[in-house]
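Close look at the chain arrangement
Residues per chain are reported as follows:
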Amino acid sequence: AQTVTQSQPEMSVQEAETVTLSCTYDTSENNYYLFWYKQPPSRQMILVIRQEAYKQQNATENRFSVNFQKAAKSFSLKISDSQLGDTAMYFCAFWSGGSNYKLTFGKGTLLTVNP
Amino acid sequence: DTGVSQDPRHKITKRGQNVTFRCDPISEHNRLYWYRQTLGQGPEFLTYFQNEAQLEKSRLLSDRFSAERPKGSFSTLEIQRTEQGDSAMYLCASSSGQGHEQYFGPGTRLTVT
């Protein structure tokens, strides 16, 4: 069974600064997908960024980028130029691919961006 | 594209009562998922539908839980004889056959008193 670990329950950052959220996972699969989801307070979860394991290039979406280290089974999220609207719970999620479509989530990191 | 919707948004019920939640996925999505999220935890998978077929159920889904997706459109999740441990946020998500991104609804927060 796959497991996803987020070791930072809470983090804070000053507006306009950069912050990195950590995620590690355990799997015996070779081809899989990793995601970061954002869940703002009292709002629905939205996808921030995704990474296919077979791609060596790290995914980037505007101010959000990942550092994917397949051998280390590490998948960290970097948020540059942090904005107040980035305040949210961030969940790392894993999908093993194939016919098993369920996502396995970590416990989340609460990120607070301070003015 | 109006997104995934869920109804009701909040439900308070007494222990032992039955409750039913509804999820309306994005119209062209053939895959639908239910997750449960408790305080301080990430969402946990409950069940998955492809069209009207329920293809996978988690061991978390006890006999008191049942889910349906008639005609492959909306889905319902029913909990019979609710217990205090059922208090949680119930999330619905949908995806298309083309991509792997799951789009989440706002959730139904259940409180069992």
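Relevant structure appears above.
First things first, this report covers the structure right here in the doc. All values reported here derive from a predicted model rather than from experimental measurement. (Residues numbered from 1 in each chain as written. Chains lettered and ligands numbered in written order. Predicted model: local features only at pLDDT ≥ 70, side-chain atom pairs only at ≥ 80, totals over all residues. Heavy atoms only, no water.)

All names here are of chain A. Bridge analysis of strand S3 (residues 19-21) against strand S9 (residues 74-79) gives three bridges, and the strand direction is antiparallel. Considered in S9, the bridge of Leu21 is made with Leu77. Sheet topology places strand S8 (residues 64-69) next to S9; six bridges connect them, and they run antiparallel. Across the sheet, the residue bridging to Gln69 is Ser74, located in S9. Joining the antiparallel neighbours S8 and S9 is a turn of four residues, in which Lys73 adopts a positive phi near 55 degrees. (Pairing = 2+ DSSP bridges. Helix = DSSP H or I, 4+ residues; strand = E, 2+ residues; numbered from the N terminus.)

Every contact between the two is made by 20 residues of chain B and, on the other side, 18 residues of chain A. Together, the buried faces of chain B and chain A total about 1,600 Å²; carbon and sulfur atoms form 54% of this surface. Looking at the side of chain B facing chain A, the largest losses of area belong to Pro43, His100 and Phe104 of chain B, adding up to 34% of the total buried there. Linking Glu56 of chain B and Lys102 of chain A is a salt bridge whose minimum nitrogen-to-oxygen distance equals 3.8 Å. Taken together, chain B and chain A are joined by four residue pairs in polar contact (both at pLDDT 80 or more). If you list the elements that add at least two residues to the side of chain B that touches chain A, you get strand S4 (31-37) and strand S5 (44-50) of chain B. Of the residues forming the side of chain B that touches chain A, the biggest block, four residues, is contributed by S4 of chain B. (Contact = heavy atoms within 4.5 Å. Buried area = accessible area lost by both parts, 1.4 Å probe. Salt bridge = Lys/Arg side-chain N within 4 Å of Asp/Glu carboxyl O. Polar contact = N/O pair within 3.5 Å; in protein donor to acceptor, adjacent residues only side chain to side chain.)

The next thing to look at is the environment of Leu39 of chain B. Residue and element names in this part refer to chain B. Summarising the element assignment, Leu39 is placed in the loop between S4 and S5. The class for Leu39 is exposed, based on a relative accessible area of 84%. Through-space distance from the C-alpha of Leu39 to that of Ser87 is 9.5 Å; in sequence the pair is 48 residues apart. (Buried < 20%, exposed > 50% of the residue type's maximum accessible area, 1.4 Å probe, protein only.)

Quick look at the pattern of salt bridges now. Residue and element names in this part refer to chain B. Inspection of the entire model under this criterion finds eight salt bridges over all chains. Between Arg64 and Glu83 there is a salt bridge whose closest N-O contact spans 3.4 Å. Taken together, the positions of Arg64 in the loop between strand S6 (53-57) and strand S7 (65-68) and Glu83 in the loop between strand S8 (75-79) and strand S9 (88-95) put the pair 19 residues apart, joining distant regions of the chain. A salt bridge links Arg64 to Asp86; the nearest nitrogen and oxygen atoms lie 2.8 Å apart. Of this pair, Arg64 sits in the loop between S6 and S7 while Asp86 sits in the loop between S8 and S9, placing them 22 residues apart in sequence. The buried category is assigned to Arg64, whose relative accessible area is 11%.

This part covers the nonpolar core. Side chains that are nonpolar tend, in soluble globular proteins, to be buried together. Residues and elements named next belong to chain A. Of all hydrophobic cores here, the largest spans 25 residues; its most connected members are Tyr25, Trp36, Phe75, Leu77 and Tyr90. Of all the elements in the fold, those that place two or more residues in this core are S3, strand S5 (33-39), strand S6 (46-52), S8, S9, strand S10 (88-95) and strand S12 (109-114). Looking at this core element by element, the count peaks at four residues for S10. With near-sequence residues (within four places) excluded, Leu77 lies in contact with Val19, Thr20, Leu21, Trp36, Val48, Ile49, Phe64, Ser65, Val66 and Tyr90. (Core = buried A, V, L, I, M, F, W, Y, C linked by side-chain atoms within 4.5 Å.)

A few words now on the pairing of S10 of chain A. All names here are of chain A. Most of S10 is tucked away, with seven of its eight residues classed as buried. Looking at chain direction, S5 and S10 are connected through seven bridges and run antiparallel. Paired with Gln39 across the two strands is Met89, which belongs to S10. Sheet topology note: the S10/strand S11 (residues 104-105) ladder contains two bridges and is antiparallel. The residue of S11 that forms the bridge with Phe94 is Thr104.

This part is about the environment of Glu52 of chain A. Residue and element names in this part refer to chain A. Here Glu52 shows up in strand S6. On the basis of relative accessible area, Glu52 is assigned to the buried category, the value being 11%. Residue contacts for Glu52: discarding those within four places in its chain leaves Tyr32, Tyr33 and Phe68.

Scanning all chains against the criterion turns up 17 aromatic pairs over all chains. Between Tyr37 of chain A and Phe104 of chain B, the ring centres sit 5.4 Å apart and the planes meet at 85 degrees, which makes this aromatic pair edge-to-face. A residue pair is termed interchain when its members come from two chains, as with Tyr37 of chain A in strand S5 and Phe104 of chain B in strand S10 (residues 103-104). On the basis of relative accessible area, Tyr37 of chain A is assigned to the buried category, the value being 1%. Given a relative accessible area of 3%, Phe104 of chain B falls into the buried group. For the pair Phe105 of chain A and Tyr35 of chain B, a centre-to-centre distance of 5.8 Å together with 90 degrees between the ring planes defines the contact as edge-to-face. On the criterion of chain membership, the pair formed by Phe105 of chain A in strand S11 and Tyr35 of chain B in strand S4 is interchain, its members lying in two chains. A relative accessible area of 0% places Tyr35 of chain B in the buried class. (Phe/Tyr/Trp six-rings, centres within 6.5 Å; stacked < 30°, edge-to-face > 60°.)

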